[in-house]
Amino acid sequence: MQKRIVIVGGGFAGIKMIKELQNDERFHITLVDKNNYHFFPPLLYQVATSFIQASNISYPFRKMISKFKNVHFHMGNFKQVFPEQNIIETDTGNISYDYLVIAHGTETNFFSMDNVRKCALPMKSIEEALFIRNHVLLKLEEAARNTDVTNAQRLQNIVIAGGGPTGVELAGMIAEMGRYIAQKEYPEIKLDNSNLYLIDALPSLLAPMSKMAQESAYDTLKKLGVKIILNVSVKDYVDGKVILSDGNKIETETLIWTSGVIGRETPGLRQETFGRGKRILVDGFNKVNGYENIFAVGDICLQMSDKNFPQGHPQLAQVAIQQGRNLAENLIKINENKKLTPFEYNNKGSMAIISKFRAVVDLPKFSYKGFIAWLTWLFIHVIPLVNFRSKIVLMLDWFRLFITNNPSIRLILYPKKNMEKD
């Protein structure tokens, strides 16, 4: 009989599992996701800054799996798992499983700050990236009409909370937009009144990366005019003012939050199943602690059995991809009554783009920066895209935009639920 595998989440780990198990008639796979498309999170900041189209980094699940005879898609929000009945509940129906794979990743962590949660702009999804794009463009238009210097400055100020790769990449892109675009297209705005802040509670940017990468990011962003504030955290956001831990306040209507993530809620699992950051504790085979047929892969899981990563793996795409592959192979071995292979992460390094033609790359044995690192970043970020056309379009777009410094998709769109007839 076919074994029913239900995968909750169509991110890197889930998609890798499907590709490894495609057309294997021993398994019937159901992919569950609240969206009908897979997307590439590392490039969300380029969507948020009007640099690329959302369609360049996304692809419909149904088109992706249309040639896989043993894979089906169920669009719905995961609500709860019932381990005793081997059933998951979604807002669009219940699904039975023999093996459940939880791969629905993380969400933005606002660290229990209600005002920040309500008013800040997170960037964990296509929708949120597009909202940031609209918001920034709207504030620029409002500033262009505003004759009051104080109000204009408040509208133009942008605060980015979080000095990790996402915050650094976003700050660099926005700074270059100000240099190449705002100066030409918004003559009404006095750019001297604009301030772009990058704030982090740690003593350096790109904390997990090498000292070379940290210093390069800091120096490059400073040259671009970014005001970097380290060893300081955001404590609140009240009445258009970002309140910092050192007592200072920054007036702005744009607080972009890239400061941390937390595991998505997984109701139905026992409380002792969860570790720090609400991540699900798993053994060396990604089996959830205390359960025989429930697994977790990717950012949502916390695995501390890897001797090289005793505190758990970094929440990176490569970890998710490798765990997805390993779990798929182990499910085949379970079906064949063979010995399972424990997961060991093959660290291929990390990287971040800072500005045009400048990036930093940390490999296991050495690090480098500059134009070659930038080319490496471009190449590595194209490979994981699931569609050949997306890769070609993205490369052509990047080539044109980096040469002209003038993306042409700065559209302010207002989606409506009920479209009025002309």
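Scroll up for the structure.
Report follows, based on the coordinates. (Residues numbered from 1 in each chain as written. Predicted model: local features only at pLDDT ≥ 70, side-chain atom pairs only at ≥ 80, totals over all residues. Heavy atoms only, no water.)

### Examining the overall build of the protein
Then, in step 1: Within the protein, the secondary structure is distributed over eleven helices and 25 strands.
Then, in step 2: Its C-alpha atoms give the protein a radius of gyration of 22 Å, near enough to 22 Å, the size a compact globule of 422 residues would have.
Then, in step 3: Principal axes of the C-alpha set define a box for the protein whose edges measure 70 × 60 × 40 Å.
Then, in step 4: Each of the 422 residues in the protein was classed as buried or not, and the buried ones make up 51%.
Then, in step 5: Sequence separation of at least 24 residues holds for 63% of the intrachain contacts in the protein that already meet a minimum separation of 6.
Then, in step 6: Only carbon and sulfur atoms are counted for the fraction: they give 52% of the accessible area of the protein, which is about 20700 Å².
Then, in step 7: Looking at charge distribution, the protein has the averaged site of its 51 positive side-chain charges lying 4 Å from that of its 41 negative ones. (Helix = DSSP H or I, 4+ residues; strand = E, 2+ residues; numbered from the N terminus. Rg over C-alpha atoms; globule rule 2.2 N^0.38 Å. Buried < 20%, exposed > 50% of the residue type's maximum accessible area, 1.4 Å probe, protein only. Contact = heavy atoms within 4.5 Å. Areas by Shrake-Rupley, 256 points an atom, 1.4 Å probe, with all protein chains shown as cover. Lys, Arg positive; Asp, Glu negative; His and termini not counted. Charge placed at Lys NZ, Arg CZ, Asp CG, Glu CD.)

### Thoughts on the nonpolar core
Then, in step 1: In this structure, Ile5, Ile160, Leu221, Trp377 and Trp398 are the most contacted members of the largest nonpolar core, which totals 89 residues.
Then, in step 2: Leave out the neighbours within four places in its chain, and Ile160 touches Gly167, Leu170, Ala171, Ile174, Leu196, Tyr197, Leu198, Ile199, Ile256 and Thr258.
Then, in step 3: Of all hydrophobic cores here, the second largest spans 19 residues; its members include Ile95, Leu100, Ile102 and Cys301. (Core = buried A, V, L, I, M, F, W, Y, C linked by side-chain atoms within 4.5 Å.)

### As for the packing of helix H5 (residues 126-145) against helix H6 (residues 149-156)
Then, in step 1: Relative to each other, H5 and H6 sit at 165 degrees, their axes nearing to 9 Å. When the axis of H5 is compared with that of H6, the two are roughly antiparallel. H5 and H6 meet at a crossing whose hand is left-handed. Counting all contacts with H5, which are made through Lys139, Glu142 and Ala143, the residues of H6 involved are Ala152, Leu155 and Gln156. (Axes fitted to C-alpha atoms, helices over the stretch in contact; angles between N-to-C directions. Parallel < 35°, antiparallel > 145°, perpendicular 65-115°, else oblique. Left-handed = near helix turned anticlockwise from the far one by under 90°.)

### Quick notes on the sheet that holds strand S16 (residues 241-244)
Then, in step 1: Within the open sheet, the three strands sit side by side as S15-S16-S17. Their pairing is antiparallel. Because the sheet does not close on itself, it has two edges, and the strands there are strand S15 (234-238) and strand S17 (249-251). Sheet twist, expressed as the average angle between the axes of neighbouring strands with direction ignored, equals 20 degrees.
Then, in step 2: Relative to S16, S15 is paired through four bridges, and the arrangement is antiparallel. Looking at the pairing, Asp236 lines up with Ile243 of S16. (Pairing = 2+ DSSP bridges.)

### As for the environment of Ile29
Then, in step 1: Within the element layout of this structure, Ile29 appears in strand S2 (residues 27-33).
Then, in step 2: Here Ile29 falls in the buried class, since its relative accessible area comes to 0%.
Then, in step 3: When the C-alpha atoms of Ile29 and Lys69 are compared, they prove to be 9.6 Å apart, with 40 residues separating the residues in sequence.
Then, in step 4: Once residues lying within four places of it in the same chain are set aside, the contact partners of Ile29 are Ile5, Ile7, Ile18, Leu21, Asn70, Val71 and His72.

### Digging into H5
Then, in step 1: Between its terminal C-alpha atoms H5 stretches 29 Å, which fits the 28 Å expected from 20 residues at 1.5 Å a residue.
Then, in step 2: Buried within H5 we find Ile126, Ala129, Ile132, Arg133, Asn134, His135, Val136, Leu137, Lys139, Leu140, Ala143 and Ala144.
Then, in step 3: Against the buried residues of H5 lie strand S3 (37-39), helix H2 (44-48), strand S11 (121-122), H6, strand S12 (158-161) and strand S18 (255-257). (Expected span 1.5 Å × (residues − 1).)

### Some points on a positive patch on the surface
Then, in step 1: On the surface, Arg179, Lys223, Arg358 and Lys369 cluster together to form a positively charged patch.
Then, in step 2: Structurally, Arg179 can be placed in helix H7 (residues 165-185). (Patch = residues over 30% accessible without salt bridge, like charges linked within 9 Å, V, L, I, M, F, W, Y side chains within 5 Å. Salt bridge = Lys/Arg side-chain N within 4 Å of Asp/Glu carboxyl O.)

### Details of a nonpolar patch on the surface
Then, in step 1: The grouping of Phe371, Ile372 and Leu375 at the surface amounts to a nonpolar patch, some 280 Å² of accessible area in total.
Then, in step 2: With respect to the helices and strands, the residue Ile372 is situated in helix H10 (residues 371-382).

### A closer look at the side chain of Asp362
Then, in step 1: Its place among the elements puts Asp362 in strand S24 (residues 358-362).
Then, in step 2: Of note is the side chain of Asp362, whose polar atom sits 2.7 Å from the side chain of Ser367.
Then, in step 3: With residues near it in sequence (within four places) discarded, Asp362 still touches Met209, Ser210, Met212, Ala213, Gly349, Ser350 and Ser367. (Polar contact = N/O pair within 3.5 Å; in protein donor to acceptor, adjacent residues only side chain to side chain.)

### Description of the sheet that holds strand S13 (residues 196-200)
Whenever strands of a sheet pair, they do so through backbone hydrogen bonds, lying parallel or antiparallel.
Then, in step 1: Strand order in the open sheet made by the five strands is S11-S18-S12-S13-S14, with parallel pairing throughout. Each having just a single partner strand, S11 and strand S14 (227-230) make up the two edges of the open sheet.
Then, in step 2: The pairing of S12 with S13 spans four bridges and is classified as parallel. Its bridge partner lying in S13, Ile160 is registered against Leu198.

### A closer look at the packing of aromatic side chains
Then, in step 1: Evaluation of the coordinates by the stated rule reveals ten aromatic pairs.
Then, in step 2: With 6.2 Å between their ring centres and 35 degrees between their planes, Phe110 and Trp257 make a pair best called tilted. Here Phe110 is found in the loop between strand S10 (106-108) and helix H4 (114-119), whereas its partner Trp257 is found in strand S18, with 147 residues between them in sequence. In this pair, the class of Phe110 matches that of Trp257, namely buried.
Then, in step 3: Arranged with centres 5.9 Å apart and planes meeting at 25 degrees, the rings of Phe366 and Tyr368 form a pair that is stacked.
Then, in step 4: Taking relative accessible area as the criterion, Phe366 reaches 47% and is therefore assigned partly exposed.
Then, in step 5: Connected via pairs of aromatic rings, a cluster forms that spans Phe357, Phe371 and Trp374.
Then, in step 6: Its end group placed over the ring of Tyr291, Arg270 keeps NZ or CZ at 4.3 Å from the ring centre. (Phe/Tyr/Trp six-rings, centres within 6.5 Å; stacked < 30°, edge-to-face > 60°. Lys NZ or Arg CZ within 6 Å of the ring centre and 35° of its normal.)

Remember, this is a structural readout, not a statement about activity or role.
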